Structure formats: C-alpha cells, structure tokens
Amino acid sequence: MPEDSTKLNEAVPFLPFALPDIGEEEIAAVVECLRSGWVTTGPKTRQFEQEFGAYLGAGVEAIAVNSATAGLHLALEALGIGPGDEVIVPTLTFTATAEVVRYLGAQPVFVDTDAATLNLDLAAVEAAIGPRTRAIMPVHYAGLACEMDGILELAKIYGLKVIEDAAHAFPTRYKGKLVGTLDSDVTVFSFYANKTMTTGEGGMIVTRNAAVARRVRLMRIHGISQDAFQRYTARTPAWFYEVVAAGFKYNLTDLAAAMGIAQLSKMARFLTRRQCLAAEYNTALRDLPLRLPALPVGDSTHAWHLYVVRLRDDAPIERDALIARLSERGIGTSVHFIPLHRQPIWRDSCQLRPEQFPAAEAAYQTMLSLPLYTKMSDADQQRTIANLRELLL
Ligand SMILES: *Cc1c(COP(=O)(O)O)cnc(C)c1O
C-alpha cells in the first residue's frame, strides 16, 4: 500500500461496504438459547418459521435452512430437477444460483440481464428455452423484483417450474404483493451476514405447495422421517426413526433462529432506514455522470439490499480507479457481480463468451455498489457522497 494512502486510512475511520445490525436483543436471545440447553433445530427454529411465514402472509409455509444455497438446492430437488435437465439462471448473480443446479447433475443455462433493471432479460429467457428446460431461477437483483408476470407467463406456456432466488429481496413487493407470495413454485431468502437481515448464516424456503414443503423438511435433515426435537420432547420412548431418503444436513440451529426472530422484529425499521439512504443517494448523486439504480414502479417496492451505480461514458474516471480512490479515502465499495460467464468454472465448462451477454458485460465494466446498510450514519453517507462528487465532477 502506498505511504500516503496509509496516512489517509489513519486519519479517517474506514467505512466498510456492509455491516450487520446486531443489537442487545439478538445478543440476549442467543444467550437465552445457550442457557436453555437446546441449541440445534428446535422450538426457536419453529417459532422463526412461523413468524417469517406470518410476516409474508398469503398462506405460505416457511422452512428454515442453514443457507440460501442449501434452500435453493432443496427446492430444486423437491421439484424433481435431475440429470439431463436445464435450468435458466441469470449470468449477473452469485455463483450459488448456478452451482445448486450442478449439485443435481442438471445444467445451468445462463442468460443476459435487462440493461435498465439488471434483472433477467425476458427475451433472453424465452430464447434460452429448449426441449430440456425444466425451470427458471429469477434473481431479484439488489432487491428490485424481476418482471414476474412475464416469467410466470413463460413458465405456464412452456410448462416450467419457477424458483425465485430472493436472497436480496426481503422484503420486496411486486405489484403490491410480497416476494414469497407470488405464483412461483418456491422462493428462497438468505440470512447471510450482509443481507437485509441476518442469522450469521441461514436461509428460508417459502412455498404454498404442501408436497414441496414436506419433501424439503425431510431432505433438510438426512431424510429422517421425524425430527430430532420431536423425538427429544416425546413423552413415550422415541428412539425409533426411519431414514426414507438419502438427504442432506441443512437444518438451521436454534442459536441462529433466535437471532433471526429478533432481526425479523426490526424489519420495519431496517427497511425504512434503507429506503431513506437510497432516497438520499438518488437525490445527491443525480447530477453526477452516473446511471443510478432502476426504481420500482407502481405499487412495487425495493428492498435496497444493494445500491448499484454505473459510470457513464462521460465520467472522468474508470470503475477500477474509482474503487481504488474511494478506498484510499476510507470508503468501502464492492461489485455485484463478476458475471458468472467470466468465472472459470462456468466460462470453461459451458463455453461462455462475453459477447453472448452484452448487457451484463457492459454493466459489469462500469458498476460499483455503494455502502448502504442500517448501521451507517447520515454522516457516513454524506462523506461517501462528498467523495464521489470530488472524484466524478
Ligand atoms: C447471498 C446470495 C446467495 C447465497 O446465500 P447464502 O445464504 O450465503 O447461501 C444466493 N444468491 C444470491 C443472489 C446471493 O446474493
């Protein structure tokens, strides 16, 4: 690191790109769980599932897992995705969206993004549908819902399953309805450390399909027909159990669920704070050579998990340099995402070239994600804005 930037870092505290918002309530809840003697999946997990399902409403069932990646894997498994099948995924996402398809011996088929919203491009989805296509996995990028009416319509016409990767979308409304209550087959949320709420690691599968719910409950815990807590609390001897499928070890701990219950009770404040920060960026960055994020229209809403800006052609600095200059000035940023067509595993095994994904490629070259999280102060944000103005005007 050059000497001058070290000095700068000492002068101003570094503003991380993201931080979880954990208060005394979460700490007390986890301590209580530790003292209770039951730390793995049990009453807290059940309570968390019930409260999460009630938050979404519309009669959904919520099944807790130890990551969204595990949840997406279980969802695809329950829907019968297997060898020879193809599943359509966006290229502009985290590798988890595609890797779960491979877990089942199926093939991810990557499609380009819509240049305006950075969500799945509907025309590209339709063009990618072939005789082996079985499912579409839309990702609600940054917290803005995909064009779900169009996706669900395509799914109906071609007889496809729809699994929403809603890792960024808690809570997001699409045309008034919360993501998780739409007419897809399954929706999966993430509680990873930097998401809109966290359990450290964790995820939630949401569905109204009772058969899918039953299957993911079974497969999340080794394919055992009765869960450990039911056996533990049974009044009659309950040592007997049956393994009816070769399942997985994907259950959430009560320690994590206790934290999740406390986080869920703060969602209204978390969302309002994220919306305020986004609104301030929208206003304060308007006159800079930036393309600001697409906004929700009508009665749709944005979860503002990420605030992604793109440098315009007339910007005086390139993306990599801007990230470096901001870092020297004590401001953390990130890039969401390095498109999967650029990652060696997907590029090489699926023979992908950047020219196949012009919109995602153009976005990738110019994008950065600004700090936006509930723990950052107005002063933190104003410092970010002032530095962007200096570097971009
Ligand atoms: C974070 C993320 C995931 C994975 O979530 P985990 O809970 O860490 O497994 C999946 N998809 C997207 C788009 C993500 O951002």
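In the block above lies the structure referred to throughout.
Attention in this report is confined to the structure presented alongside it.

Conventions and cut-offs
- Along every chain, residues carry numbers that run from 1 in the direction the sequence is written.
- Totals for whole chains, interfaces and linings use all residues, but because this is a predicted model, local features are given only for residues with pLDDT of at least 70 and pairs of side-chain atoms are given and counted only at 80 or more.
- Hydrogens are left out, water is left out, and the side-chain values use all remaining heavy atoms of the structure.
- A molecule or strand has a residue near it when one of that residue's heavy atoms lies within 4 Å.
- N or O atoms within 3.5 Å of each other form a polar contact, as long as, within protein, one can give a hydrogen and the other can take it, and as long as residues adjacent in sequence are counted only when both atoms are side-chain atoms.
- Each accessible area value is a Shrake-Rupley result obtained with a 1.4 Å probe; residue values ignore everything except the protein chains displayed when judging cover.
- Basic side-chain nitrogens of Lys or Arg form a salt bridge, by our definition, when they fall within 4 Å of a carboxyl oxygen of Asp or Glu.
- Secondary structure follows DSSP: runs of H or I at least 4 residues long count as helices, runs of E at least 2 residues long count as strands, and numbering of each begins at the N terminus.
- Two strands form a pair only when DSSP identifies at least two bridges running between them.
- To define axes, lines are fitted to C-alpha atoms, for helices over the stretch in contact only, and angles between the resulting N-to-C directions are given on a 0 to 180 degree scale.
- Contacts are assigned to residue pairs that have any heavy atoms within 4.5 Å of one another.
- Only protein atoms enter the 1 Å grid used here, on which a cavity is any set of points holding a 1.4 Å probe that cannot leave and a pocket is any open set flanked by protein within 12 Å on both sides along at least five of seven lines; residues with an atom within 4 Å of a point are listed as lining.
- Grid points are joined across faces, edges and corners, and a volume is the space filled by probe spheres set on the points.
- When residue character is reported, Ala, Val, Leu, Ile, Met, Phe, Trp, Tyr, Cys and Pro are called nonpolar, Asp, Glu, Lys and Arg charged, and the others, Gly included, polar.
- Marked domain ranges trace back to an automatic or database domain assignment.

Quick look at the site of the ligand now. If you check the shell around the ligand, you find 16 residues, and the closest are Thr69, Asp165, His168, Ser190 and Lys195. Within the contact set of the ligand, an oxygen atom lies 2.5 Å away from a side-chain nitrogen or oxygen of Thr69. The separation between an oxygen atom of the ligand and a polar side-chain atom of Ser190 is 2.7 Å. Protein burial of the ligand: of its 380 Å² of free accessible surface, 93% is covered by the chains.

What follows covers the pattern of salt bridges. In the structure shown here, the tally under the stated rule is 20 salt bridges. Its salt-bridge partner being Glu49, residue Arg217 comes within 3.3 Å of it at the nearest N-O pair. With Arg217 in helix H8 (residues 210–219) and Glu49 in helix H3 (residues 43–56), this residue pair connects regions lying 168 residues apart in the sequence. One salt bridge connects Arg217 with Glu61, and the closest N-O pair in it is separated by 3.2 Å. Residue Arg217 is located in helix H8, and its partner Glu61 is located in strand S1 (residues 61–65); the two are separated by 156 residues in the primary sequence.

This part is about the sheet that holds strand S9 (residues 203–207). The strand order across the open sheet built from 7 strands is S1-S9-S8-S5-S4-S2-S3, with neighbouring strands paired in mixed fashion. The open sheet has two free edges, formed respectively by S1 and strand S3 (107–111), since each of these has just one partner strand. Between one strand axis and the next, the sheet turns through 25° on average, direction left out of account. Across the sheet, H3 is in contact with S1, strand S8 (186–190) and S9; its angle to S1 comes to roughly 135°. Helix H5 (residues 95–103) rests against strand S2 (86–90), S3 and strand S5 (161–165) of the sheet, and its axis sits at about 150° to S3.

This part takes up the sheet that holds strand S12 (residues 367–370). Here we have 3 strands laid out as an open sheet, ordered S10-S11-S12, and antiparallel in their pairing. Every other strand in the sheet has two partners, leaving strand S10 (290–291) and S12 as the edge strands with one partner each. Sheet analysis places S10 next to strand S11 (residues 307–311), joined by 2 bridges and oriented antiparallel. Following the sheet pairing, Arg291 is matched in S11 by Arg310. Where helix H14 (residues 358–366) meets the sheet, its contacts fall on S11 and S12, and the angle it forms with S12 comes to roughly 55°.

What follows is about empty space enclosed by the protein. As enumerated under the stated definition, the model contains 3 cavities of 30 Å³ or more in all. Taken together, 15 residues line the largest cavity, and the ones lying closest to its centre are Thr117, Leu118, Pro293, Ala294 and Val308. A class-by-class count of the residues in the lining of the largest cavity yields 11 nonpolar, 2 polar and 2 charged. Each of two domains, domain 1 (3–19 + 267–392) and domain 2 (24–264), supplies a minimum of three residues to the lining of the largest cavity.

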